[in-house]
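Here is what each chain is made of, one letter per residue.
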Amino acid sequence: MRVKLLHYTDVNAVRDVLQSEGASFDSKTLLDHVAYMFEIEDCSRVTTHQLVRHRVASYDQESQRFSSASREGFVSPPTVASNQAAMKVYDDALKVVYEAFERMTALGVPKEDARYVLPNAIKTKLVMTVYARSLMHIVWQRTALQAQWEIREVVTEMFRLAKEATPELWTAILEG
Amino acid sequence: MKASLVWSVPKPEKVIAVAMRRCYSTKPIEEIEAELEQKGPEYWKYLMTRALQDKSLDVIEHFVFSIVIDGMWEDEAGRLALAFPYVRLLHIREGRWLISMNARTLIEIWRGKAFVGFAEAIVEEFDRKGVCPIFNSLVFGERARAS
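Because the structure is a prediction, the values reported are computed rather than measured.

Caption draft 1: Geometry of the overall build of chain B. In terms of regular secondary structure, chain B is built from eight helices and four strands. In terms of C-alpha radius of gyration, chain B reaches 16 Å, essentially the compact-globule figure of 15 Å for 147 residues. The principal-axis extents of the C-alpha atoms in chain B amount to approximately 50 × 30 × 25 Å. When burial is assessed residue by residue, chain B has 41% of its 147 residues classed as buried. The long-range fraction of contacts in chain B, counting pairs at least 24 apart against all pairs at least 6 apart in sequence, stands at 68%.

Structure below.
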């Protein structure tokens, strides 16, 4: 899994405008005016199903209608990967599924229909634009201990990148 | 009503093209961005034309920007916020607002007619500042320039 921050609002430009206008504002109000565009690669569709439930954001995800599946393109959860017997079961199942996908496409079934057999473990890629207020809500929900390991890793990385890019916003919010 | 640009995502046409290519490519984002840079604005225009023809406006949501708008009174701002909840408004002082939004919402406001003066003010500012000229000409045509 990899998260990359592609673009983000210039917080100082927004703050400078407000200060030059003599506007009184709380740092928290800037949460509605600072946007981040992330790219997330090679997490599972399990995790992106969870992510897109946070609807106040914009998403564009790799389509399975046209892209191929490969045996390497699946995520293995740590509880499976660390259990040799379970990993064999998992691996065998993925092999059957992948071969079924390949055989169907070879028989002329379009990828968009053959993909019905593919599992949630398949890796995916997406771009996501989100405002800081929504990101804060996602962080609050998805970095909690009850959240699943993979989305916790994705969102933790998103937040790390956001804080690194715009420390002037998050320092004020987290210390306030 | 007058708009002043505070910030826009850089090269919005390319950002929209990146979002489109992300849907149909398995390549890492760096390769997609490098290919788009090499192909240049004519190709970005082609992709944006496709998105608009297909009404796939989701990719245009990644074109985000902030402006200061002058000459919008509280009743109009309130109606705008109710009609378009993805428009983020911060009151600066009488008639002046900091507004952050995306270009899909701008298109919907433009088409909705009720706040067309607001949309025109933004497009005029984009024209003045040279923000996303391809988008402006494809979506808004000559109307904004003539107003």
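Caption draft 2: Up close: the sheet that holds strand E4 (residues 96–102) of chain B. A sheet is described by the order of its strands in space; here four strands give the open sequence E1-E2-E4-E3 (chain B), paired in antiparallel fashion. The open sheet has two free edges, formed respectively by strand E1 (2–8) and strand E3 (88–93) of chain B, since each of these has just one partner strand. When the angles between neighbouring strand axes are averaged without regard to direction, this sheet yields 20°. Looking at chain direction, E1 of chain B and strand E2 (residues 64–70) of chain B are connected through six bridges and run antiparallel. Within E2 of chain B, the residue paired with Lys-2 of chain B across the bridge is Asp-70 of chain B. Taken strand by strand, helix H1 (residues 11–20) of chain A contacts E1, E2, E3 and E4 of chain B, and its axis lies near 145° from that of E1 of chain B.

Caption draft 3: Focus on the domain arrangement of chain A. Domain annotation for chain A reports domain 1 (2–64 + 124–175) and domain 2 (78–117). Centre-to-centre, using C-alpha coordinates, domain 1 of chain A lies 33 Å away from domain 2 of chain A.

Caption draft 4: Seen up close, helix H6 (residues 132–142) of chain A. Residue and element names in this part refer to chain A. Considered for burial, the residues of H6 that qualify are Ala-132, Leu-135, Ile-138 and Arg-142. End-on view of H6: buried residues confined to an arc of 115°, all on one side of the axis. Buried residues along H6 sit against strand E2 (35–44), strand E4 (123–131), helix H7 (149–165) and helix H8 (167–175).

Caption draft 5: Layout of the interface of chain A and chain B. Facing 29 residues of chain A, the contacting portion of chain B comprises 28 residues. Contributing elements (two or more residues each) for the side of chain A that touches chain B: strand E1 (2–8), H1, E2, strand E3 (58–61) and E4 of chain A. Each residue belonging to the side of chain A that touches chain B can be placed in one class, and the counts come to 11 nonpolar, nine polar and nine charged.

Caption draft 6: Spotlight on unusual backbone geometry. Look at Asp-42 of chain A: it is not a glycine, yet its phi comes out positive at around 60°. Here Asp-42 of chain A lies in strand E2. Residue classification places Asp-42 of chain A among the exposed positions, given that 12 C-beta atoms sit within 10 Å. Phi is positive for Lys-113 of chain B, close to 75°, though the residue is something other than glycine. Inspection of the secondary structure puts Lys-113 of chain B in the loop between helix H5 (103–112) and helix H6 (116–129). The class of Lys-113 of chain B is exposed, set by 8 C-beta atoms lying within 10 Å.

Caption draft 7: Just the nonpolar core, in detail. Of all hydrophobic cores here, the largest spans 79 residues; its most connected members are Ile-16, Phe-63, Ile-69, Phe-118 and Ile-122 of chain B. Both of domain 1 (2–64 + 124–175) and domain 2 (78–117) of chain A provide at least three residues apiece to this core. Sequence-distant contacts of Ile-69 of chain B, that is, excluding residues within four places in its chain, are made with Met-1, Ala-3, Trp-97, Ile-99, Phe-118 and Ala-121 of chain B.

Caption draft 8: Inspection of the environment of Ala-114 of chain B at higher detail. Residue and element names in this part refer to chain B. Tracing the backbone shows Ala-114 in the loop between H5 and H6. Note on Ala-114: 13 C-beta atoms within 10 Å, which makes it partly exposed. Each C-alpha atom, one on Ala-114 and one on Arg-88, is 18 Å from the other, the two residues being 26 residues apart in sequence.

The rules we used
- Residues numbered from 1 in each chain as written.
- Chains lettered and ligands numbered in written order.
- Predicted model: local features only at pLDDT ≥ 70, side-chain atom pairs only at ≥ 80, totals over all residues.
- Helix = DSSP H or I, 4+ residues; strand = E, 2+ residues; numbered from the N terminus.
- Rg over C-alpha atoms; globule rule 2.2 N^0.38 Å.
- Buried ≥ 20, exposed ≤ 12 C-beta atoms within 10 Å, placed from the backbone.
- Contact = placed C-beta atoms within 7 Å.
- Pairing = 2+ DSSP bridges.
- Axes fitted to C-alpha atoms, helices over the stretch in contact; angles between N-to-C directions.
- Domains from an automatic or database assignment.
- Arc of directions from axis to C-beta.
- Nonpolar A, V, L, I, M, F, W, Y, C, P; charged D, E, K, R; others polar.
- Core = buried A, V, L, I, M, F, W, Y, C linked by C-beta atoms within 7 Å.

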